[in-house]
Amino acid sequence: MKKGKITKIGTALFVVLLFVGFAFAFSRGFFDPLSEWREEGEQLSGGETTVFNTSVNAFGEAAPNLTGNKDLFFVTGNAFFKRNWVTAPASTEDLDGLGPLFNARSCSSCHNLDGKGAPPESPDEHPVDLLFRLSRPAPDSIRTIPDENYGRQFNHLSVLGVEPEGEVQVTYNEISGEYPDGMSYTLREPVYEFKNLKYGAFPDDIMISPRIAQHLVGLGLLEAIDEETLKSLADPDDSDGDGISGKLNYVYDYASEELKVGRFGWKANQPSVRQQTAVAFREDIGITSELFPDELCAEFQTECKEARSGGDPELTEDILDRVALYMETIAVPARRNWDEPDVLKGKRAFHTIGCASCHVPKLQTGEHPEHPEFSNQIIYPYTDLLLHDMGEGLADNALDAEATGTEWRTPPLWGIGLVETVSGHTYFLHDGRARNLEEAILWHGGEAEQSQQNFKQLSKEERDNLIKFLNSL
């Protein structure tokens, strides 16, 4: 063979091998700048409890790995979750005892389709999904006490013969701002006016905390995260100097009669799903239970105290157990479009600007004492369940166990991309003031101020990608 021909064959072979090498390297992600942000399995937000449902019922499925008769309990618990409670006495003895003062007639009144609540959209609309917690400073200035005329929660509804506590009108002040790239934005700050107060004027030192209904996916998984894991995330004195100082809220557990880590509620003021459920039954619907046997009548609400009761207590242990199990075992929907380039770029920005410092993406659950299905799962809740100072802009100035007036629990982000599908709106934050995810980010202050400022410094395309990432959760 001639030398020239040999050279040509050799060159062709080299080109082919080079092409194959590039193809192999590309398939392994060696030249993909986003490969480090792609994690196999991250689309399974709830581990083995994940469901694939992007419909309006995305938040309403049972975890697929439930064992025994838990599926049946889930169905009956869901039925009680949706059922309206009625005034006592009634022929439906298991479902009477509504009120005397209340905010809703059923759990699903605020958590429709197990989704997120919305604030009133006009001044004439009464808040249904938005509750107002009331408290006053105790003489020791450390604890809080209920208001003597209105108790711990403002109830705008009542049974016949009992005066409702009054009305709340919600309006908003518009706040304009601008990104460094010149793009403008508008935020809205809520203003609450309490009107027609039936039990006297509020005292000057009353503390009012608005709290909107949250979506309910993955609660059993959050319950299964062991305390040591949460302690490892806390840094109350900011000893590492990163500006983030999350802390645990220790709250009273009425079943064990001891302090436990708070995990649920906007201020992590409840230690378990069962206690959270019992609290909501009493304070939102006016239904007593063995955990909370007393009606929620304030000291001077005589008619409330004299109203007919639906039993002693009104909620049977069986119904409480079924509703609590229902809420614990609602599955987490899987992520969508999780490996698309724009979503991965958004994920990169989420980490780069510091969001992941509090919205911790990945955790492993420990042992759940009642539901082994939730034990030892790799999950992606995007929360640390800790309290963080979120700044004066979001402050309610109300104490709640160890939570101060500027501290809020990091809310889990799993499922937020499906809120609009399930609940028909995109209102976020503890009072629903943010009309979309972008506004929610722009309201971050306190420990999250730097991340919010970093978000503003991103280009329009980078900000859009970050929102795409959040909508994939």
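See the structure above.
Residues numbered from 1 in each chain as written. Predicted model: local features only at pLDDT ≥ 70, side-chain atom pairs only at ≥ 80, totals over all residues. Heavy atoms only, no water.

### Side note on the state of the cysteines
Under the defined criterion, the tally for this structure stands at 1 disulfide. Here Cys297 is linked by a disulfide to Cys304, with a sulfur-sulfur distance of 2.0 Å. The sign of the -70° torsion about the S-S bond sets the Cys297-Cys304 disulfide as left-handed. Grouping residues by exposure puts Cys297 and Cys304 together as buried. Left without a disulfide partner, Cys110 is nearest to the cysteine sulfur of Cys107, which lies 8.7 Å away. On the basis of relative accessibility, which here comes to 8%, the residue Cys110 falls in the buried class. (Disulfide = S-S within 2.5 Å. Buried < 20%, exposed > 50% of the residue type's maximum accessible area, 1.4 Å probe, protein only.)

### Some points on the side chain of Thr50
With respect to the helices, strands and loops of the structure, Thr50 is situated in strand 1 (residues 50-51). Residue class for Thr50 comes out buried when judged on its relative accessible area of 7%. Polar side-chain contacts of Thr50 include one of 2.9 Å to the backbone nitrogen of Gly46. Each residue touching Thr50, except ones within four places of it in the same chain, is listed here: Gln43, Leu44, Ser45, Pro64, Val332, Pro333 and Ala334. (Helix = DSSP H or I, 4+ residues; strand = E, 2+ residues; numbered from the N terminus. Polar contact = N/O pair within 3.5 Å; in protein donor to acceptor, adjacent residues only side chain to side chain. Contact = heavy atoms within 4.5 Å.)

### Things to note about the packing of helix 8 (residues 341-352) against helix 12 (residues 460-471)
At a closest axis distance of 7 Å, the pairing of helix 8 and helix 12 adopts a crossing angle of 100°. Between helix 8 and helix 12, the interaxial angle falls into the category roughly perpendicular. Residues Asp342, Val343, Lys345, Gly346, Lys347, Ala349 and Phe350 of helix 8 touch helix 12, and the partners they reach there are Asn465, Leu466, Lys468, Phe469 and Leu470. Grouping the constituent residues of the contact of helix 8 with helix 12 by class yields 6 nonpolar, 2 polar and 4 charged. (Axes fitted to C-alpha atoms, helices over the stretch in contact; angles between N-to-C directions. Parallel < 35°, antiparallel > 145°, perpendicular 65-115°, else oblique. Nonpolar A, V, L, I, M, F, W, Y, C, P; charged D, E, K, R; others polar.)

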